[in-house]
Amino acid sequence: MCDVLVKLFEAEGARCVVASIDDFYLPHGELASLAARHADNPLLQGRGNPGTHDAQLMRATLEALASPAPLVRVPRYDKAAHDGAGDRRPHAEWLPVEGCPVDVV
């Protein structure tokens with residue numbers, strides 16, 4: 001579906017980048033630490049609920065995509081890492097976006 005939307009926006013002259021809120025989960029170590037600190041809270045024992053996302057990274061990424069930056073890297077998350085617990089992919093594997101700003105995220 002995202003591929004179709006990107007093509008439709010691009011046909012209208014809009015620059016698009018696909019990003020998922022899932023790509024902004026905290027790294028595995030931080031999720032594990034969060035779960036340990038809140039062992040009595042079942043909502044913080046895995047990713048997906050409020051508090052398990054890196055809101056600062058998300059904001060910084062969106063602001064960078066809206067700025068005239070020459071290169072922005074959009075994070076990617078590997079849900080299969082750590083036997084399905086997930087982890088953020090290394091920075092070198094993040095999606096490179098050249099020539100910002102973009103029009104649609």
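Residues numbered from 1 in each chain as written. Predicted model: local features only at pLDDT ≥ 70, side-chain atom pairs only at ≥ 80, totals over all residues. Heavy atoms only, no water.

Chemist: Account for helix H3 (residues 55-65), with residues named and values stated.
Modeler: Residues of H3 that are buried: Leu57, Thr61 and Leu65. Taken end-on, H3 shows its buried residues confined to a sector of 65°, consistent with a single buried face. In H3, the exposed positions angled more than 90 degrees off the buried face are occupied by Ala55, Gln56 and Arg59. Residues of H3 that are buried in the fold lie against strand S1 (71-74), strand S3 (87-88) and strand S4 (95-98). (Buried < 20%, exposed > 50% of the residue type's maximum accessible area, 1.4 Å probe, protein only. Helix = DSSP H or I, 4+ residues; strand = E, 2+ residues; numbered from the N terminus. Arc of directions from axis to C-beta. Contact = heavy atoms within 4.5 Å.)

Chemist: How would you summarise the pairing of S1 if you had to cite specific residues and measurements?
Modeler: The alternating pattern of S1 places Val72 and Val74 on a buried face and Leu71 and Arg73 on a face that is not buried. Pairing of S1 with S4 involves four bridges; the strand directions are antiparallel. Note on S4: the bridge partner recorded for Leu71 is Glu98. (Pairing = 2+ DSSP bridges.)

Chemist: Pulling in residues and values, what's your account of the packing of aromatic side chains?
Modeler: Taken as a whole, this structure holds one aromatic pair when the rule is applied. Seen in terms of ring centroids, Tyr25 and Tyr77 are 5.2 Å apart; in terms of plane orientation they differ by 70°. Their pairing is edge-to-face. One end of the pair, Tyr25, is in the loop between helix H1 (2-11) and helix H2 (28-37); the other, Tyr77, is in strand S2 (residues 77-78), with 52 residues separating them in the sequence. What makes Tyr25 buried here is its relative accessible area of 7%. (Phe/Tyr/Trp six-rings, centres within 6.5 Å; stacked < 30°, edge-to-face > 60°.)

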